[in-house]
Amino acid sequence: MTSPLAYLRYGLILLPAAADIFLQQLDDYGEYMVYILLFLAVTVLSRFLSSSVYRKAAVLVEVSLSLWLCHQYGFMMVFLSLSALCVYLPLFERQGRLWLAAGHLAMLNIAISDYDVTLLVTANLLFLFLAATINHIHELNLKQWNHIQLYDELKKLHFQQDEAGRQLLQFAHQVESAAQTEERNRISRQLHDDIGHRLIRVKMMMEAALHIVPHDSVRGMEMLHQIRDQLEESMEQMRTAVKRMNPTRRIADDYSLDRLLEETSRETGIETKLTLQGMPYPLYPSHQVVLYKNAREAITNAIRHGQAKRVEISLHYGDQEVHMEVSNDGTVQEPAAGSAITDPDLQGIGISGMLERTKVLGGTLTVQKSVPFTVITRLPVYQKREIM
């Protein structure tokens, strides 16, 4: 029983019981006080009963005692009987409380059947009014309690989402670090394999030119020109490598779909197009890496196996996910119109790699073997929201 109902309950007991002492002449005030204290003891005791069965039994005892007091001491005891409404209406279910209230009202009318008609009507109206009021208060308390529970659950889910976001961000940093390590290793291999070998070749050509120039100046000048060209190419490769090692360079620059399509168009001569749909928002580095590598793999397959002349990337930004469609106009081997295949066992190593990368982030990969051949990557996004 909530505090407002508790105040109402004890008010309906104490105030009428005290007023009845002054309103009527009693033969034995001591006996009257014993019955009132006994009734009050039953009401207090019911609050400390943990079992609902015992509490319901205490309510029945309280109603029975209040009806006897109504018959014995007059109209003011009706308020004591009405105080029981504060207990059993919240205690029983809807159907049970209706039956109990109807029985309570019937027994109350029997107990006060010798009252004046005006008092009978007043008692019935008071009963109905208090029953409706207490029931309404109980319904409001239930709604408030449900709202509190829903808020607590929503708050718990919000914390869980924040924790998942933090874990995903940590994972994104790990992916970004792995991508940077891969890029450094690639640059190291480039310095060793390309520039290093080129410089060794230049050194050998210089030694040869030193021996040839005194005897054959024309041939020696040709070798010097070749050495100059080799040095220019080495310097250009060195500048490119240093530029890639720039610490201010962002991962978004290294995994940009615009740059991927631009390089593809410049190196292969095919037509490329990038389409954005929805309101773009920042993506985690892990999302950028997966989208970039899947797009690159899809373009490579389109050129190598489908002899595509046009490649289009469509990037959709949604509230719950971001998905990318990479389509091409190349030929499709073993076409299955409208079919969507997600089984890696039916695909080559490239598509299997795309599927594995996508699954790491909880996404899905769909391959539509129709014209145009389309690879669809769907990744869930987690955007932080505030709870009001």
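Residues numbered from 1 in each chain as written. Predicted model: local features only at pLDDT ≥ 70, side-chain atom pairs only at ≥ 80, totals over all residues. Heavy atoms only, no water.

- Under an unreviewed UniProt entry, the protein chain has the name histidine kinase and belongs to Paenibacillus solani.
- Under the UniProt heading Catalytic activity (unreviewed entry), the entry covering the protein chain gives this text: "ATP + protein L-histidine = ADP + protein N-phospho-L-histidine." (UniProt positions renumbered as here; feature names shortened; annotations may be inferred.)

### A closer look at the overall build of the protein chain
Item 1. For the protein chain, the count of helices and strands is twelve helices and six strands.
Item 2. Of the contacts formed within the protein chain by residues at least 6 apart in sequence, a portion of 69% connects residues at least 24 apart.
Item 3. Carbon and sulfur atoms provide 60% of the accessible area of the protein chain, an area that totals close to 23600 Å². (Helix = DSSP H or I, 4+ residues; strand = E, 2+ residues; numbered from the N terminus. Contact = heavy atoms within 4.5 Å. Areas by Shrake-Rupley, 256 points an atom, 1.4 Å probe, with all protein chains shown as cover.)

### Topic: the nonpolar core
A general feature of soluble globular proteins is that nonpolar side chains tend to end up buried together.
Item 1. In this structure, Met77, Val78, Leu85, Tyr88 and Ile112 are the most contacted members of the largest nonpolar core, which totals 42 residues.
Item 2. Counting residues per element, the ones that place at least two in this core are helix 1 (3-23), helix 2 (29-47), helix 3 (52-73), helix 4 (77-83), helix 5 (85-91), helix 6 (94-111) and helix 7 (117-212).
Item 3. Ranked by size, the runner-up nonpolar core spans 34 residues in total, among them Val175, Ile351, Val367 and Val375. (Core = buried A, V, L, I, M, F, W, Y, C linked by side-chain atoms within 4.5 Å. Buried < 20%, exposed > 50% of the residue type's maximum accessible area, 1.4 Å probe, protein only.)

### Quick look at the environment of Leu274
Item 1. Mapped onto the fold, Leu274 is located in strand 1 (residues 271-277).
Item 2. Leu274 gets classed as partly exposed once you look at its relative accessible area, which sits at 27%.
Item 3. In this structure the C-alpha to C-alpha distance between Leu274 and Asp258, which are 16 residues apart in sequence, comes to 7.1 Å.
Item 4. In this view, Leu274 contacts Leu257, Asp258, Leu261 and Ile313; residues no more than four positions away in its chain are not counted.

### Topic: the UniProt feature "transmembrane region" (unreviewed entry) in the protein chain
Item 1. Here the UniProt-annotated "transmembrane region" (unreviewed entry) positions come out as residues 6-23, 32-53 and 73-91.
Item 2. The span residues 6-23 shows a helical share of 100% and a strand share of 0%, and its end C-alpha atoms are spaced 26 Å apart.
Item 3. The annotated region residues 73-91 carries 79% helix and 0% strand content, and the separation between its end C-alpha atoms amounts to 28 Å.

### Overview of a nonpolar patch on the surface
Item 1. A cluster of nonpolar side chains, contributed by Met206, Val213, Met221 and Leu224, occupies part of the molecular surface with about 300 Å² of accessible area.
Item 2. Here Met221 is to be found in helix 8 (residues 217-244).
Item 3. The class of Met221 is partly exposed, set by a relative accessible area of 42%. (Patch = residues over 30% accessible without salt bridge, like charges linked within 9 Å, V, L, I, M, F, W, Y side chains within 5 Å. Salt bridge = Lys/Arg side-chain N within 4 Å of Asp/Glu carboxyl O.)

### Some details on the confidence of the model for the protein chain
When pLDDT drops low, the exact placement of atoms in the prediction is not to be read closely.
Item 1. In the predicted model, the protein chain carries a mean pLDDT of 80, and the fraction of residues at 70 or more is 86%.
Item 2. Here strand 4 (residues 340-341) is the element of the protein chain with the lowest mean pLDDT, 48, and strand 2 (residues 310-317) is the one with the highest, 93.
Item 3. Note on residues 335-346: pLDDT under 50 across the span, and 21 contacts to partners over four residues away in sequence or across chains.
Item 4. Scored below 50 in pLDDT, residues 384-388 shows ten contacts in the model against residues more than four places distant or in partner chains. (pLDDT = per-residue confidence, 0-100.)

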